[in-house]
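# An overview of the molecular structure
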Amino acid sequence: AESRSGDFDLIPAKTIAPIRVAVLAGDAGPDNVFAVTKSKLYQLVLECTITEGDFAKRKIWHRLTMGAAPGVEMTDGQKKGVAISGSFIRSLLEARAGISPTDESPAAIAARKIDSLMDLNGIEAWVEIGVEKSEEYGDKNKIVRVTPSPKAVVTQTAAAFTAASTPKSAQAGKPSWAS
């Protein structure tokens with residue numbers, strides 16, 4: 001993952017921000033969505049645009065290793081990268097649907113299915129941004145992980161507080177004097 005920020009300073013590590021995903025065209029694979037690396041790995045390149053806050057309109061490019069060209073033997077590390085990429089895509093789909101990673105209901109399972117990697121186009125999610133150190137190329141921003149929306153956390157906390165501070169008789173729909 002990289003940040004092509006030109007003259008901008010790096011976004012500080014551990015920043016939580018909302019993004020909109022765009023799948024960039026490649027030259028291989030289904031729908032020509034894969035970029036091919038020098039080592040013949042297939043990568044899905046996502047352009048992630050921050051949609052609000054101090055860093056609105058800034059972009060971070062996130063590369064997902066999806067496999068290798070026919071006849072190319074992947075290393076164990078590259079295979080692990082493919083698994084991590086799959087987990088990242090799953091997290092994006094869960095964020096889009098507002099479902100928990102542990103939800104195995106039929107609706108949640110259906111929400112994680114896509115017909116094409118192009119279905120990732122336009123997904124909005126909250127992410128944690130980090131900094132990738134590089135002496136050779138210069139430090140750059142990266143996406144560390146998909147996170148729950150801070151707005152959803154506030155809503156859940158408020159709902160839990162309301163439920164906890166309301167007498168049980170009122171929660172059950174009975175007036176407090178009827179208990």
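All of the points below concern the structure found in this document. What you see is a predicted model, and the numbers here were worked out from it, not measured in a lab. (Residues numbered from 1 in each chain as written. Predicted model: local features only at pLDDT ≥ 70, side-chain atom pairs only at ≥ 80, totals over all residues. Heavy atoms only, no water.)

Throughout the structure, instances matching the rule amount to eight salt bridges. For glutamate 94, the salt bridge is made with arginine 90, and the minimal N-O distance between the two is 2.7 Å. Here glutamate 94 pairs with arginine 90, and both are found in helix H1 (residues 76-97), just four residues apart, close to one helical turn. Here glutamate 94 falls in the buried class, since its relative accessible area comes to 6%. We note a salt bridge from aspartate 139 to lysine 133, for which the minimum N-O separation is 3.4 Å. The exposed category is assigned to lysine 133, whose relative accessible area is 65%. Through salt bridges with shared partners, one network takes in Arg90, Glu94, Glu104 and Arg112. (Salt bridge = Lys/Arg side-chain N within 4 Å of Asp/Glu carboxyl O. Helix = DSSP H or I, 4+ residues; strand = E, 2+ residues; numbered from the N terminus. Buried < 20%, exposed > 50% of the residue type's maximum accessible area, 1.4 Å probe, protein only.)

Attention now moves to the environment of threonine 51. Of note, threonine 51 is situated in the loop between strand S3 (41-50) and strand S4 (59-68). Taking the relative accessible area as the measure of exposure, threonine 51 reaches 30% and is therefore partly exposed. If near-sequence neighbours (up to four positions away) are discounted, threonine 51 is found in contact with Pro18, Ile19, Arg20 and Ala56. (Contact = heavy atoms within 4.5 Å.)

Before going further, it helps to spend a moment on unusual backbone geometry. At asparagine 32, a position not held by glycine, the phi torsion is positive, near 50 degrees. Residue class for asparagine 32 comes out partly exposed when judged on its relative accessible area of 43%.

Next up on the list: the packing of aromatic side chains. By the definition in use, this model includes one aromatic pair. Between phenylalanine 34 and tyrosine 42 the ring centres are 5.4 Å apart and the planes differ by 10 degrees, which places this aromatic pair in the stacked class. Given a relative accessible area of 9%, phenylalanine 34 falls into the buried group. (Phe/Tyr/Trp six-rings, centres within 6.5 Å; stacked < 30°, edge-to-face > 60°.)

Once that is clear, we can look at the nonpolar core. Ranked by size, the top nonpolar core spans 28 residues in total, and within it Leu44, Leu46, Leu92 and Leu120 carry the most contacts. Mapped by element, the contributors of at least two residues to this core are strand S1 (15-23), S3, S4, H1, strand S5 (124-132) and strand S6 (140-147). With five residues, S3 is the single largest residue contributor to this core. Ignoring any residue separated from it by four or fewer positions in sequence, one finds leucine 46 in contact with Val21, Ala22, Val23, Ile60, Trp61, His62, Leu64, Phe88 and Leu92. (Core = buried A, V, L, I, M, F, W, Y, C linked by side-chain atoms within 4.5 Å.)

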